[in-house]
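Architecture at a glance
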Amino acid sequence: MLKIYNTLTRKKDLFQPREPGKIGMYVCGMTVYDHCHIGHARVMVVFDTVARYLRYSGYKLTYVRNITDIDDKIIQRAHENGEDFRKLTGRFIDAMHEDERALSVLPPDIEPRATQSIAEIIAMIAALIAQDLAYVGNNGDVFYAVDKFKNYGQLSGKNPDDLQAGERVDIDQAKRNPLDFVLWKMAKADEPAWESPWGLGRPGWHIECSAMSTSCLGNHFDIHGGGMDLQFPHHENEIAQSEGATGEKFVNIWMHNGFVRVDDEKMSKSLGNFFTVREVLKQYKPEIIRFFILSSHYRSPLNYSDEQLNDAKVALDRFYLALRGFDKIEEASIETGYKTRFKQAMDDDFNTPVALSVLFDLARELNKAKENKTAKARELASSLKFLGGLLGILQSEPDAWLKQTIELSLFTNSNTFFSPAVTVSYVSEESIEQKIQARLDAKKAKNWALADQIRNELKEQGVILEDTPNRTTRWRRE
């Protein structure tokens, strides 16, 4: 039975969908004013893996991940660039989708945008005002009255009285309470704005997700996910808004993935250790990044470093070396023992590190079966590829993976800023094959010194040769 750690209850809860066989899942997506960074990549990969596994488990999943395409940062960046905010967000939405495809992240079923959900946002704010949970401040903005919602703080475990004591009361004279947060902002000069009962303006950030999630999945749904940094105040405010407006429970299970750290320090632009997905893809294949993310439990901190990514490459090479020789793996029976262990790991709060350890055991047995030429080898290879596919990995042809270099043409959309400046120096496949043939000729002539010299030269160029029992030579890049 699937158990998921629920931030709301602070324990692993047995997952029981509201409607048998069906699941509604909403994940807070990107604010599109810049390229996606590694923290965004973790959210994408984690919840893509969750979605893949839920579907494999037989559920009919509706996966919703929103796009925030209007907020202060977007307006500021568009102003700095001297461009319309829609042009800015459109460009970075395209870039985000390219990053997703590179990381083998499947698209969500529904991808609502804040600017396309204004009617739903206005309706929810009106409902909150009608319930006396929101009010118009003396500056024209509409605020949520936190002290009117009795369960405020239930998700984060924060006490509103303690929070209020730590706030400066005079921080915003328009509010009745320093904890109150904005639902609708009055329009300023030269800013995007929409008509509303309270005048021209735009939505606050928190209300966007409440309106988009409930309009797509209903007032009450199964799973809400996002980064740990969103737990407070964003998700806390979502609960207050949604339950206040509808009178129903909002979400059953809250999932939060951990922070990304860089060399054991918090990733931030101010520290100069901030990496976009595109920057990392200049040095590492996309599947290496995905494997690296899955190698830590989603709730744990993820420490980004070259060493960790290099380890991920070595691990993937081991898998593909085990699969080598089975380039055309057809659907076959999946080895029951490994499938059971894999399912046990994933049913335990999507424990991908343990699931990967099952794949390592499988690869070890596959190597032995290949060496002993047993009939079970093909079943094991099929099992490894199938179970890897549930994690979004091991879907390349083994030879292609082991011979390919970093692909620098992943992003070809002319509307994006990405233009790789990195050039990779490597020996071509044609040259490698020529040198392998020269080495074979040297061995036939019993010129062992020349054969060793060619092998060593190729190794210095990052090419590893493997002599097979049938006297052929295979190669792979280091």
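In this text, all values refer to a predicted model and were calculated from it rather than measured experimentally.

Thresholds, definitions, all that
Residues numbered from 1 in each chain as written. Predicted model: local features only at pLDDT ≥ 70, side-chain atom pairs only at ≥ 80, totals over all residues. Heavy atoms only, no water. Helix = DSSP H or I, 4+ residues; strand = E, 2+ residues; numbered from the N terminus. Buried < 20%, exposed > 50% of the residue type's maximum accessible area, 1.4 Å probe, protein only. Contact = heavy atoms within 4.5 Å. Areas by Shrake-Rupley, 256 points an atom, 1.4 Å probe, with all protein chains shown as cover. Salt bridge = Lys/Arg side-chain N within 4 Å of Asp/Glu carboxyl O. Core = buried A, V, L, I, M, F, W, Y, C linked by side-chain atoms within 4.5 Å. Patch = residues over 30% accessible without salt bridge, like charges linked within 9 Å, V, L, I, M, F, W, Y side chains within 5 Å. Lys, Arg positive; Asp, Glu negative; His and termini not counted. Charge placed at Lys NZ, Arg CZ, Asp CG, Glu CD. Pairing = 2+ DSSP bridges. Axes fitted to C-alpha atoms, helices over the stretch in contact; angles between N-to-C directions. Polar contact = N/O pair within 3.5 Å; in protein donor to acceptor, adjacent residues only side chain to side chain. UniProt positions renumbered as here; feature names shortened; annotations may be inferred. Disulfide = S-S within 2.5 Å. Parallel < 35°, antiparallel > 145°, perpendicular 65-115°, else oblique. Nonpolar A, V, L, I, M, F, W, Y, C, P; charged D, E, K, R; others polar.

**Focus: the overall build of the protein**
- Scanning the protein from N- to C-terminus turns up 16 helices and 15 strands.
- On the principal axes, the C-alpha backbone points of the protein span a range of 95 × 50 × 35 Å.
- In the protein, which comprises 478 residues, the share counted as buried stands at 53%.
- Long-range pairs, those at least 24 residues apart, make up 74% of the contacts in the protein between residues at least 6 apart in sequence.
- As displayed, the protein offers around 22,200 Å² of accessible surface, 48% of which is attributable to carbon and sulfur atoms.

**Thoughts on the pattern of salt bridges**
- For the coordinates displayed, the defined rule picks out 26 salt bridges.
- With a shortest N-O distance of 2.6 Å, Lys11 and Asp13 are connected by a salt bridge.
- For Lys11, a relative accessible area of 46% gives the class partly exposed.
- With relative accessibility at 12%, the residue Asp13 sits in the buried group.
- With its nearest N and O atoms 2.0 Å apart, the salt bridge here joins Arg65 to Glu100. Remark: Glu100 occurs in helix H3 (residues 85-102) and Arg65 occurs in strand E4 (residues 60-65); sequence separation between them is 35 residues. The same class applies to Arg65 and to Glu100, which are both buried.
- Sharing partners across several salt bridges, the network here consists of Asp72, Lys185, Glu191 and Arg202.

**What about the nonpolar core?**
- Counting residues in hydrophobic clusters, the biggest one holds 129 residues, and the most contacted among them are Trp184, Phe350, Leu359 and Leu384.
- Counting residues per element, this core draws most heavily on helix H1 (residues 38-56), which supplies eleven residues.
- Once residues lying within four places of it in the same chain are set aside, the contact partners of Leu384 are Phe319, Ala322, Leu323, Leu359, Leu362, Ala363, Leu366 and Leu394.
- Judged by nonpolar contacts, the second largest core, of eight residues, contains Ile432, Ile436, Leu458 and Trp475.

**Comments concerning a negative patch on the surface**
- Taken together, Asp263, Asp264, Glu265 and Asp306 make up a surface patch of like negative charges.
- Relative to the elements of secondary structure, Asp264 occurs in the loop between strand E11 (260-262) and strand E12 (265-266).
- Taking the relative accessible area as the measure of exposure, Asp264 reaches 54% and is therefore exposed.

**A closer look at the sheet that holds E4**
- Read across the open sheet, the four strands follow the order E4-E3-E9-E10; overall the sheet is parallel. The two strands at the open ends of the sheet, each matched to only one other strand, are E4 and strand E10 (251-257). In this sheet, adjacent strand axes meet at a mean angle of 20° when their direction is disregarded.
- Examined bridge by bridge, strand E3 (residues 22-27) and strand E9 (residues 221-227) share three bridges and lie parallel to one another. Residue pairing across strands places Val27 opposite Gly225, the latter belonging to E9.
- Relative to the sheet, H1 contacts E3, E4, E9 and E10, its axis offset from that of E4 by approximately 165°.
- The sheet strands contacting helix H6 (residues 205-217) are E3, E4 and E9, and the helix crosses E3 at an angle near 160°.

**With respect to the side chain of Gln241**
- Relative to the helices and strands, Gln241 resides in helix H7 (residues 231-246).
- A polar side-chain atom of Gln241 sits 3.2 Å from the main-chain amide nitrogen of Ile207.

**Overview of the UniProt feature "short sequence motif: 'HIGH' region" (unreviewed entry) in the protein**
- Sites flagged by UniProt as "short sequence motif: 'HIGH' region" (unreviewed entry) map to residues 30-40.
- Taken end to end, residues 30-40 has its terminal C-alpha atoms 7 Å apart, with 27% of it in helix and 0% in strand.

**Some points on the state of the cysteines**
- As enumerated under the stated definition, the model contains zero disulfides in all.
- The thiol of Cys28 is unpaired, and the distance to the nearest cysteine sulfur, on Cys209, comes to 3.8 Å.
- The thiol of Cys36 is unpaired, and the distance to the nearest cysteine sulfur, on Cys28, comes to 15 Å.
- The exposure class assigned to Cys36 is buried, which follows from its relative accessible area of 5%.

**What about the sheet that holds E11?**
- In spatial order, the strands read E12-E11-E13; together these three strands make up an open sheet with mixed pairing. Unpaired on one side and paired on the other, E12 and strand E13 (302-304) mark the two borders of the sheet.
- In terms of strand pairing, E11 meets E13 through three bridges, oriented parallel. When the bridges of E13 are listed, Arg261 appears paired with Asn303.

**Some points on the packing of helix H4 (residues 118-130) against H7**
- At a minimum axis distance of 8 Å, the contact between H4 and H7 shows a crossing angle of 70°. In terms of their interaxial angle, H4 and H7 are classed as roughly perpendicular. Listed contacts from H7 to Met124, Ala127 and Leu128 of H4 are Gln241, Ser242, Gly244 and Ala245.
- Each residue belonging to the contact of H4 with H7 can be placed in one class, and the counts come to four nonpolar, three polar and no charged.

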